[in-house]
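Examining the three-dimensional arrangement
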Amino acid sequence: MSGEGTTLQAALGRRTASGGKCLVPYLTGGLPQAPPADWLTTLSAIAGAGADAIEVGVPFSDPVMDGPVIQQASEEALGAGVNPHSLLDRLGSADVGVPLAVMTYANLVFRFGWQRFAETLADSGVAAAILPDVPLEESAPWCSAADAAGVETVMLAAPTGSDERLQAVVERARGFVYAVGLLGVTGERSELASTSRVIARRLRRLTDKPVLVGVGIGSPDQAREVCQDADGVVIGSAVVRTAMATRSPEAVADLVGEFRAALDAG
Amino acid sequence: MGKPGPDGRFGGFGGRFVPETLVPALQELEAAFVEAWADPAFTSELDSLLGSYAGRPSPLTECHRLSEELGVRLLLKREDLNHTGSHKINNVLGQALLARRMGKSRLVAETGAGQHGVATATAAALFGLECDVYMGEVDMARQELNVFRMRLLGARVMPASSGSRTLKDAVNDAMRDWVATVEDSHYCLGSVMGPHPYPWMVREFHRVLGREAESQCRDLLEGGLPDTVVACVGGGSNAAGIFSGFAEHPEVDLVGVEPAGGAAVGHGVPGIVHGMLSYLMQDEWGQVTEAESISAGLDYPGVGPEHSHLAETGRAEYPSVTDDEVVEAFVSLSRTEGIIPALESAHALAWVIRERERLESCTVLVNLSGRGDKDVDQMMGLLGDRL
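Remember, it's a predicted structure, so these values are computed and weren't measured experimentally. (Residues numbered from 1 in each chain as written. Chains lettered and ligands numbered in written order. Predicted model: local features only at pLDDT ≥ 70, side-chain atom pairs only at ≥ 80, totals over all residues.)

Turning our attention to the nonpolar core. Ala-157, Tyr-178 and Ala-179 of chain A together with Val-352 of chain B are the most contacted members of the largest nonpolar core, which totals 230 residues. The dominant element in this core, judged by the number of residues it contributes, is helix α9 (residues 198-220) of chain B, at nine residues. Structurally, this core is a two-domain feature, drawing no fewer than three residues from each of domain 1 (9-49 + 88-198) and domain 2 (55-86 + 207-386) of chain B. Discounting chain neighbours no more than four positions away, the residues touching Val-352 of chain B are Leu-70, Val-72, Leu-74, Val-230, Leu-359, Val-364 and Val-366 of chain B. (Core = buried A, V, L, I, M, F, W, Y, C linked by C-beta atoms within 7 Å. Buried ≥ 20, exposed ≤ 12 C-beta atoms within 10 Å, placed from the backbone. Helix = DSSP H or I, 4+ residues; strand = E, 2+ residues; numbered from the N terminus. Domains from an automatic or database assignment. Contact = placed C-beta atoms within 7 Å.)

Right under this line is the structure:
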């Protein structure tokens with residue numbers, strides 16, 4: 001089932017159907033902002049600035065796929081006392097206006113229980129999940145729970161994968177295919193890695209599902225460039241860095257707006 | 001102790017929980033190891049290096065004075081006498097040969113006490129490979145000597161400054177490095193942990209010490225086998241090595257000794273970190289908790305998946321000892337036998353000393369996994385005038 005009816009993929013599909021490019025910013029859940037604003041205010045500001053969906057990080061003590069910026073944000077949010085239950089509870093009470101995808105690591109889900117976590121996401125109105133340390137071979141317990149609960153599982157596809165492997169990954173992917181833009185962990189880079197457009201092209205040949213490139217997309221120019229081959233981008237560290245530096249939902253919205261404008265200008 | 005299943009699991013433990021970028025590299029590594037391990041040219045080159053470079057076989061030493069004091073016949077497998085001062089060299093020579101065979105030009109490693117880091121830096125020097133070793137900032141401070149040794153050997157020591165700034169965080173940083181450098185680098189993981197095939201491959205590279213010990217016991221002991229085999233467990237590589245020589249003999253008890261402040265099997269529950277599903281110290285939400293031990297090499301909240309399996313099936317037991325008991329054992333072996341053990345290895349001795357009544361008249365083989373030179377500075381600060 002490649003989903004017309006599924007929330008995240010449908011939202012991204014609407015954008016691409018009209019010839020647009022998808023923008024999915026990431027924010028670490030529970031990251032302290034300047035009161036009275038909090039991270040939910042920032043989520044709404046991101047949605048209002050032209051995001052098609054938002055990735056919400058559920059912070060983990062050992063985020064092995066993340067670079068320094070998101071590591072620091074995770075430590076800070078954990079220090080502020082956030083846990084998966086309270087975070088999902090707050091997401092459930094919020095109406096951000098765009099589909100949400102939770103990004104977290106295997107152990108938090110395993111500890112919660114694969115099935116209970118999937119059902120809690122569904123109850124909280126979260127459309128999708130991204131688990132960067134659960135590759136295809138380990139994905140069965142999670143994917144069956146997520147499928148049953150109606151949660152879309154975004155799969156990561158990396159430049160190191162063979163065409164055969166990429167094919168298997170895109171078949172299992174729901175929502176969108178997360179193309180890892182470079183060999184490395186999350187973080188901004190001064191230039192767009194040449195691998196970014198290559199992996200996007202390889203994946204586009206294999207699937208009709210939206211292909212979004214993430215990891216290493218730090219500027220509006222880089223986003224526009226990679227979208228010559230991709231259906232959109234995920235931007236994480238740039239957003240989180242701004243949120244930490246300013247603690248201001250408006251500043252984050254301004255940044256997201258710049259990415260939106262760059263993608264719309266084509 | 002055989003092969004893991006096709007899904008890289010020992011019973012229900014193990015697996016390959018890593019970022020997608022690394023999956024093809026781990027598949028390639030597994031294939032290369034399987035091929036090399038069946039290739040007589042590879043194994044004979046490794047055996048030759050273990051002999052002429054690392055100093056194998058390591059002796060089996062009977063502890064006459066301490067045995068008498070304890071009422072236990074105590075034997076030590078002397079991995080402390082290997083080149084670089086611990087069992088770690090066995091695994092590192094194997095992996096460095098494999099890395100060369102795979103055409104990799106650089107080794108990345110993590111280290112706790114610095115023993116694996118020093119061994120990796122040594123192998124890198126021997127083979128002319130580049131070498132970067134990640135080490136927690138806390139550990140760099142308490143193991144300054146090993147930091148210098150690694151630098152002297154030509155390696156770069158990269159401080160791990162996140163989280164608890166110890167071994168757990170050094171593993172995270174080494175994995176992050178490997179995600180970025182996987183095309184030309186080999187991750188030389190230092191214990192029987194991490195994603196498949198590491199727990200299996202590293203145990204196979206340490207099997208040599210178990211095989212030697214088993215054969216040395218047959219020569220020395222009337223019954224041919226010890227009653228109990230004891231080793232310390234952080235990730236669990238020296239324990240896996242010595243257990244592998246005796247696991248097929250059900251009459252031999254296997255004991256893995258954890259530090260009280262890092263008892264993954266004793267106090268943990270199953271969890272997923274560093275690529276494996278295994279026992280793990282964590283909070284109610286699955287956040288990994290920080291281990292706290294006098295020995296940097298055992299300061300690890302997880303444990304190799306095969307140990308989780310051995311614990312669950314009851315084949316081995318995993319008690320823990322306190323830092324005070326460890327210090328007592330450290331002094332005791334120094335004074336009765338003239339052997340200064342690594343603080344890690346002193347955990348195994350501490351258990352024997354504490355359980356001497358239960359072990360009365362038994363023959364107990366302890367894997368003395370490393371020597372204590374690296375710990376002398378730390379112990380001087382701790383014991384100082386008390387001696």
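Now for the interface of chain A and chain B. Every contact between the two is made by 31 residues of chain A and, on the other side, 28 residues of chain B. Secondary structure elements with two or more residues in the side of chain A that touches chain B: α3 (68-79), α5 (106-112) and β5 (152-157) of chain A. The element that contributes the greatest number of residues to the side of chain A that touches chain B is α5 of chain A, accounting for five residues. Within the side of chain A that touches chain B, the residues separate by chemical class into 17 nonpolar, eight polar and six charged. (Nonpolar A, V, L, I, M, F, W, Y, C, P; charged D, E, K, R; others polar.)

What follows covers the domain arrangement of chain B. Residue and element names in this part refer to chain B. As assigned here, chain B comprises domain 1 (9-49 + 88-198) and domain 2 (55-86 + 207-386). Taken over C-alpha atoms, the centre of domain 1 sits 22 Å from the centre of domain 2. At the interface, 34 residues of domain 1 touch 39 residues of domain 2. Among the secondary structure elements, those contributing two or more residues to the side of domain 1 that touches domain 2 are β2 (13-17), α4 (88-101), α5 (115-127), α6 (137-142), α7 (144-152) and α8 (167-181). Split by residue class, the side of domain 1 that touches domain 2 holds 14 nonpolar, 15 polar and five charged.

Right, let's talk about the pairing of strand β6 (residues 177-180) of chain A for a bit. Residue and element names in this part refer to chain A. Burial of β6 is two-sided: the residues Val-177 and Ala-179 facing one way and the residues Tyr-178 and Val-180 facing the other way are all buried. Summarising the sheet, β5 and β6 pair through three bridges and their orientation is parallel. If you follow Met-155 over to β6, its bridge partner there is Val-177. As a crossover connection, the stretch from β5 through helix α8 (residues 163-172) into β6 is right-handed. Inspection of the sheet shows β6 paired to strand β7 (residues 211-214) by four bridges, in the parallel sense. Along β7, the bridge assignment pairs Val-180 with Gly-214. Handedness of the crossover joining β6 and β7 through helix α9 (residues 194-206): right-handed. (Pairing = 2+ DSSP bridges. Right-handed = clockwise from strand over helix to strand, strands pointing away.)

On to the sheet that holds strand β8 (residues 185-187) of chain B, then. All names here are of chain B. Strand order in the open sheet formed by four strands is β7-β6-β5-β8, with parallel pairing between adjacent strands. Strand pairing shows two members of the sheet lacking a second neighbour, β7 (156-160) and β8, which therefore form its edges. Shown here is a sheet whose adjacent strand axes are inclined to one another by a mean of 25°, direction ignored. The sheet contact formed by strand β5 (residues 106-111) and strand β6 (residues 130-136) spans six bridges and is parallel. Bridging across to β6, Arg-106 finds its partner in Glu-130. Here α8 sits on the sheet and contacts β5, β6, β7 and β8; the angle it forms with β5, its principal contact strand, is near 160°. (Axes fitted to C-alpha atoms, helices over the stretch in contact; angles between N-to-C directions.)

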